[in-house]
There are 2 protein chains.
Amino acid sequence: MARPARVSADRILTAAATEFAERGFDGARVDRIARRARVNKAMLYYHFGSKERLYRALLHGMFTNAAERLRTIAAEPIAAAEKIDRAIVGLAQVIREHPILPAIMMREVADGGRHLDAETLQALGGVPRAFGTIVEEGVARGEFRPIDPVFAYFSVLPPLLFFLAAAPIRRQVADLHVMDLKALGADAFIRELQQAVRRTLAPPSSARRRPTS
Amino acid sequence: MARPARVSADRILTAAATEFAERGFDGARVDRIARRARVNKAMLYYHFGSKERLYRALLHGMFTNAAERLRTIAAEPIAAAEKIDRAIVGLAQVIREHPILPAIMMREVADGGRHLDAETLQALGGVPRAFGTIVEEGVARGEFRPIDPVFAYFSVLPPLLFFLAAAPIRRQVADLHVMDLKALGADAFIRELQQAVRRTLAPPSSARRRPTS
DNA sequence: GTCTATACTTCGATAGAC
DNA sequence: GTCTATCGAAGTATAGAC
């Protein structure tokens, strides 16, 4: 009663993730995905129907995963600032599990969501939504200064995505001796980001209220 | 003694900017670029030789432009924090002049610089380099806390690029009523970013020294 | 410098046997 | 579910006349 079908489909998704991340939707080659998955190209169409539907299935999964993790963090009974710290780490973890997510998100943003359907866009929207919930809660409790949740989101996620996605091009630029770009590692970057965001969100008076009730 | 050649080449560059920004290198169609430029496709090859060389010429120009503007700001006799403010506005201006720059940079980062040659990478490196100069100066003068210039760069440029490039997809997500993403405009975003970066860079003691000498 | 016509290649997708 | 073979569309690039 083995189910080789699922195995194939999963291998295809994994291979597709790499290919789409490295090349983008238009640059990705169905043949390469099939070869990487050690699967016949016809199988790919048998399972997913088209290049575009494969792409959407992949992104929908990743977006849902990321949003779900943020919602879990948002629901924990801890201070809002602590939630933000964990949200940053959580997003970094999602990226570690899907190292191709930054490149894919950046491309999709640049594409204006051309290849996405309503369902996948909805899943994508869950990410800023969950993040915004945390920020709004912190503001309501007086733990954060009044700040636009959308701005907060766009001051956290882009640096994370950009820094992690830019590793290859950073290496290329660094090799030309234009600048020393190698020193800063991913973990150090995450810690710096947490610190910077805390400063950005901190209320005017440093008197931090404890969220007790 | 008119020089229609230059005119064609410029029109091609303008059209290419739009096409590459909207579709990426692989998604861009040489036919569409030619049509948008109201130029015969053969003319495009006459002037630029290939799709890739056209792409590089375009990016090299934009990167040089952005780096040059930052270097000018870095050389002004003003406080470092003021330079950062102006750098943010300056980058926003470059983007306003080349509205396609965010999408192109994000794609190129995701591509790992695959389509760039050494010369263009060098021009790209000038941007973080000039920005880093300002940060290092501020740190040396005690106007900023000790901070990694690379981190500072990656906490400023990505939000700017991302927010501006994400306008189309944000509209799509907003239309699904997932979240109210419409309220925050570009100008407000830039002001918030300036404020956030000031907080990130501010030295531990709020005693701000005036850079008089 | 400009245009038409087309060569050459690549790629997404499918037909049809097993 | 899996494979081979191939179709047809689309795309980059060029040849060659003007």
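Analysis parameters
- Residues numbered from 1 in each chain as written.
- Chains lettered and ligands numbered in written order.
- Predicted model: local features only at pLDDT ≥ 70, side-chain atom pairs only at ≥ 80, totals over all residues.
- Heavy atoms only, no water.
- Helix = DSSP H or I, 4+ residues; strand = E, 2+ residues; numbered from the N terminus.
- Buried < 20%, exposed > 50% of the residue type's maximum accessible area, 1.4 Å probe, protein only.
- Contact = heavy atoms within 4.5 Å.
- Areas by Shrake-Rupley, 256 points an atom, 1.4 Å probe, with all protein chains shown as cover.
- Lys, Arg positive; Asp, Glu negative; His and termini not counted.
- Charge placed at Lys NZ, Arg CZ, Asp CG, Glu CD.
- Domains from an automatic or database assignment.
- Buried area = accessible area lost by both parts, 1.4 Å probe.
- Salt bridge = Lys/Arg side-chain N within 4 Å of Asp/Glu carboxyl O.
- Polar contact = N/O pair within 3.5 Å; in protein donor to acceptor, adjacent residues only side chain to side chain.
- Nonpolar A, V, L, I, M, F, W, Y, C, P; charged D, E, K, R; others polar.
- Least-squares fit on C-alpha atoms with pLDDT ≥ 70 in both.
- Core = buried A, V, L, I, M, F, W, Y, C linked by side-chain atoms within 4.5 Å.
- Expected span 1.5 Å × (residues − 1).
- pLDDT = per-residue confidence, 0-100.

Counting its regular elements, chain A contains 10 helices and 0 strands. Its helices and strands in sequence order give chain A the pattern α-α-α-α-α-α-α-α-α-α, from N to C terminus. By the burial criterion, 54% of the 213 residues in chain A qualify as buried. If you take every contact in chain A between residues at least 6 apart in sequence, the share linking residues at least 24 apart comes to 71%. As displayed, chain A offers around 9,800 Å² of accessible surface, 52% of which is attributable to carbon and sulfur atoms. Averaged over its 32 positive side-chain charges, chain A has a centre that lies 3 Å from the centre of its 23 negative ones.

By the element assignment, Phe154 of chain B lies in helix α8 (residues 149-165). Setting aside residues up to four positions removed in sequence, Phe154 of chain B forms contacts with Pro159, Phe162, Phe163, Ala166, Arg170 and Phe189 of chain A together with Pro159 of chain B.

Take the domain arrangement of chain A next. Interface size is commonly expressed as the accessible surface area that is lost when the partners come together. All names here are of chain A. What the domain assignment reports for chain A is domain 1 (1-49) and domain 2 (52-208). A C-alpha centroid distance of 27 Å is found between domain 1 and domain 2. Taken residue by residue, the interface counts 16 residues in domain 1 and 11 residues in domain 2. Taken together, the two surfaces of domain 1 and domain 2 that pack against each other cover about 1,100 Å², and 78% of this comes from carbon and sulfur. Between the two partners, domain 1 and domain 2, sit 0 salt bridges. Taken together, domain 1 and domain 2 are joined by 3 residue pairs in polar contact (both at pLDDT 80 or more). When residues of the side of domain 1 that touches domain 2 are traced back to their parent elements, those giving at least two are α1 (4-27) and α3 (41-48). It is α1 that contributes the most residues to the side of domain 1 that touches domain 2, 12 residues altogether. Residues that form the side of domain 1 that touches domain 2 fall into these classes: 10 nonpolar, 3 polar and 3 charged.

In screw terms, the move from chain A to chain B is a rotation of 180° and a rise of 0.0 Å along the axis, fitting with an RMSD of 0.0 Å. Each copy turns onto its partner about a two-fold axis. Interface overlap between copies: 100% of the residues of chain A at the interface are likewise at the interface in chain B, consistent with a symmetric, same-surface contact.

All names here are of chain A. Within this structure, the stated rule accounts for 31 salt bridges over all chains. Ionic pairing is found between Glu137 and Lys83, a salt bridge with its closest N-O pair at 3.0 Å. Highlighted residues: Glu137 in helix α7 (residues 118-140) and Lys83 in helix α5 (residues 80-97), separated in sequence by 54 residues. Overall, the relative accessible area of 22% leaves Glu137 in the partly exposed class.

Contact with chain A, which involves 58 residues of that partner, is made by 58 residues of chain B. Taken over both partners, the interface formed by chain A and chain B buries close to 5,300 Å², and the fraction arising from carbon and sulfur atoms is 69%. On the chain A side of the interface with chain B, the three residues burying the most area are Phe154, Phe162 and Arg199 of chain A, jointly 13% of the side's total. There are 2 salt bridges connecting chain A and chain B. The closest approach of N and O atoms between Arg107 of chain A and Asp111 of chain B, which form a salt bridge, is 2.7 Å. Summed over the shared surface of chain A and chain B, the result is 11 residue pairs in polar contact (both at pLDDT 80 or more). Put simply, the parts of the chain that give the side of chain A that touches chain B at least two residues each are α1, α6 (101-110), α7, α8 (149-165), α9 (167-175) and α10 (186-201) of chain A. A per-class count over the side of chain A that touches chain B returns 33 nonpolar, 11 polar and 14 charged.

Another aspect to go through is the nonpolar core. Counting residues in hydrophobic clusters, the biggest one holds 158 residues, and the most contacted among them are Phe20 of chain A together with Phe20 of chain B. In this structure Phe20 of chain B touches Phe25, Ala28, Ile33, Lys51, Leu54, Tyr55, Leu58, Ile104 and Arg107 of chain B, once residues within four positions along its chain are discounted.

Bringing helix α4 (residues 51-74) of chain B into the picture now. Compared with an ideal rise of 1.5 Å per residue, which puts 24 residues at 34 Å, α4 of chain B spans 35 Å between its outermost C-alpha atoms and is within 8% of the ideal. Within the span of α4 of chain B, buried status applies to Lys51, Leu54, Tyr55, Leu58, Leu59, Met62, Phe63, Ala66, Ala67, Leu70, Ile73 and Ala74 of chain B.

Looking now at the confidence of the model for chain A. Residues and elements named next belong to chain A. Here chain A averages 91 in pLDDT, and 93% of its residues register 70 or above. The secondary-structure element of chain A with the lowest mean pLDDT is α1, recorded at 89, while helix α2 (residues 30-36) shows the highest, at 97. Predicted confidence for residues 1-5 stays below pLDDT 50, and this span has 1 contact to residues more than four positions away or in other chains.

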